[in-house]
Amino acid sequence: MHSNSADAVRDDVQQSDKSRDIKHRYLEALTLIERLHRRLLDVIKDEFERNGEPEVNSVQALLIFNIGDNELTAGELKTRGHYQGSNVSYNLKKLVEAGYVSHERSAADRRSVRVGLTDKGRNIRGKVDALYNRQLQAIHDVVGLDADEFDRLNKALARLERFWTDQILYRL
């Protein structure tokens, strides 16, 4: 009986070590996710500063890129682009004022406003797209990331997003 108790303690210690190891990796992943988003904004900001686009900040340029060829509501942008509601509203207002984005009230629901890019906005979107295209080759050549690695990364991130969504939806 004594060996069963020792085995149970050893199993508990091994399980605790595994939990600490996974927790460390989870916290590291969270830090990397946050840092990667900030770095992306820094890269876009640097690109626009070098090319003399002082009216558009990196958040706005990314918002323009995410609108793309679509006509969306602020709510749809929030859902698709993972922006906070007030952040979307503020930046959309600034982009409309600067002539990068057009807006139109929905005929069916007067409370709903749909937004789309103007020619000026499409020009900004093209610049962000060109930046991403230049980076794609460098990512492969310098970092060595290929399509399979991006597939695995995207699958893991999508599973993590689904887990967090379920935590909120089902109050787990």
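Residues numbered from 1 in each chain as written. Predicted model: local features only at pLDDT ≥ 70, side-chain atom pairs only at ≥ 80, totals over all residues. Heavy atoms only, no water.

K.L.:
Is there a simple way to explain the overall build of the chain in this structure?
P.N.:
Tallying secondary structure elements over the chain gives six helices and three strands in all. When its helices and strands are written in sequence order, the chain yields α-α-β-α-α-β-β-α-α. Expressed as a percentage of its 172 residues, the buried residues of the chain come to 22%. Taking as baseline every contact in the chain between residues at least 6 positions apart, the subset at least 24 positions apart corresponds to 53%. (Helix = DSSP H or I, 4+ residues; strand = E, 2+ residues; numbered from the N terminus. Buried < 20%, exposed > 50% of the residue type's maximum accessible area, 1.4 Å probe, protein only. Contact = heavy atoms within 4.5 Å.)

K.L.:
Would you mind showing me how to read the pattern of salt bridges here?
P.N.:
Charged atoms that come close allow side chains of opposite charge to pair. Evaluation of the coordinates by the stated rule reveals nine salt bridges. Note that Lys45 and Glu49 form a salt bridge whose closest N and O atoms lie 3.1 Å from each other. Of the two residues, Lys45 and Glu49 both sit in helix H1 (residues 2-50), four residues apart, roughly one turn of that helix. Looking at Lys45, the relative accessible area reads 43%, which means it is partly exposed. The exposed category is assigned to Glu49, whose relative accessible area is 54%. (Salt bridge = Lys/Arg side-chain N within 4 Å of Asp/Glu carboxyl O.)

K.L.:
I keep staring at helix H5 (residues 119-143) and nothing clicks. Help me out?
P.N.:
Since the α-helix packs 3.6 residues into each turn, any two residues three or four apart lie on the same face. Compared with the 36 Å implied by 1.5 Å per residue over 25 residues, the 35 Å span of H5 between its first and last C-alpha is a close match. Looking at H5, one finds that the buried residues are Gly121, Ile124, Val128, Leu131 and Tyr132. One or two steps after H5, the chain reaches Gly144, where phi turns positive at roughly 85 degrees. (Expected span 1.5 Å × (residues − 1).)

K.L.:
I'm lost on the packing of aromatic side chains in this one. Help?
P.N.:
One pair of aromatic rings is described through two measures. These are the centre distance and the angle between the planes. Per the counting criterion, the structure on display carries one aromatic pair. Plain terms: the ring middles of Phe65 and Tyr132 are 5.0 Å apart, the flat faces sit at 75 degrees to each other, and that makes the pair edge-to-face. Note that Phe65 is positioned in helix H2 (residues 58-67) and Tyr132 in helix H5, a separation of 67 residues in sequence. Tyr132 carries the same exposure label as Phe65, and that label is buried. In this arrangement the basic side chain of Lys120 is found over the ring face of Tyr100, its NZ or CZ atom lying 4.6 Å from the centre. Sitting over the face of the ring of Phe65, Arg125 holds its NZ or CZ atom 4.4 Å from the ring centroid. (Phe/Tyr/Trp six-rings, centres within 6.5 Å; stacked < 30°, edge-to-face > 60°. Lys NZ or Arg CZ within 6 Å of the ring centre and 35° of its normal.)

K.L.:
Would you take a moment to explain the side chain of Gln60 for this structure?
P.N.:
By secondary structure assignment, the location of Gln60 is in helix H2. With near-sequence residues (within four places) excluded, Gln60 lies in contact with Glu55, Asn91, Lys94 and Leu95.

K.L.:
Is there a simple way to explain the sheet that holds strand E2 (residues 101-105) in this structure?
P.N.:
Strand pairing in a sheet takes place through backbone hydrogen bonds and is either antiparallel or parallel in direction. Within the open sheet, the three strands sit side by side as E1-E3-E2. Their pairing is antiparallel. If you trace the sheet from one side to the other, it starts and ends with strand E1 (72-73) and E2, each paired once. Note that E1 and strand E3 (residues 113-117) share two bridges and pair antiparallel. Directly across from Thr73, in E3, lies its bridge partner Arg114. Against the sheet, H2 makes contact with E1, E2 and E3, and its axis sits at roughly 100 degrees relative to E3, the strand it touches most. (Pairing = 2+ DSSP bridges. Axes fitted to C-alpha atoms, helices over the stretch in contact; angles between N-to-C directions.)

K.L.:
Any chance you could explain the nonpolar core here in plain terms?
P.N.:
One recurring pattern in soluble globular proteins is that nonpolar side chains are buried together. Formed by 23 residues in total, the largest nonpolar core has its most connected members in Leu77, Leu92 and Val101. Elements represented by at least two residues in this core include exactly H1, H2, helix H4 (85-97), E3 and H5. Looking at this core element by element, the count peaks at six residues for H2. (Core = buried A, V, L, I, M, F, W, Y, C linked by side-chain atoms within 4.5 Å.)

K.L.:
In this structure, what is going on with the layout of surface pockets? I would like to understand it.
P.N.:
Sizing a probe to match a water molecule and rolling it over the atoms shows the empty space that remains. One number sums up the size of the largest pocket: a volume of about 1900 Å³. Every residue lining the largest pocket is counted, 41 residues in all, and those nearest its centre are Ile33, Leu36, His37, Leu40 and Leu157. Elements with a minimum of two residues in the lining of the largest pocket: H1, H2, helix H3 (74-81), H5 and helix H6 (147-169). In terms of residue count, H6 provides more of the lining of the largest pocket than any other element does, 13 residues in total. The residue inventory of the lining of the largest pocket, partitioned by class, reads 25 nonpolar, nine polar and seven charged. (1 Å grid on protein atoms, 1.4 Å probe; cavity = no way out; pocket = protein on both sides within 12 Å on 5 of 7 lines; lining within 4 Å. Points joined across faces, edges and corners; volume = space filled by probe spheres on them. Nonpolar A, V, L, I, M, F, W, Y, C, P; charged D, E, K, R; others polar.)

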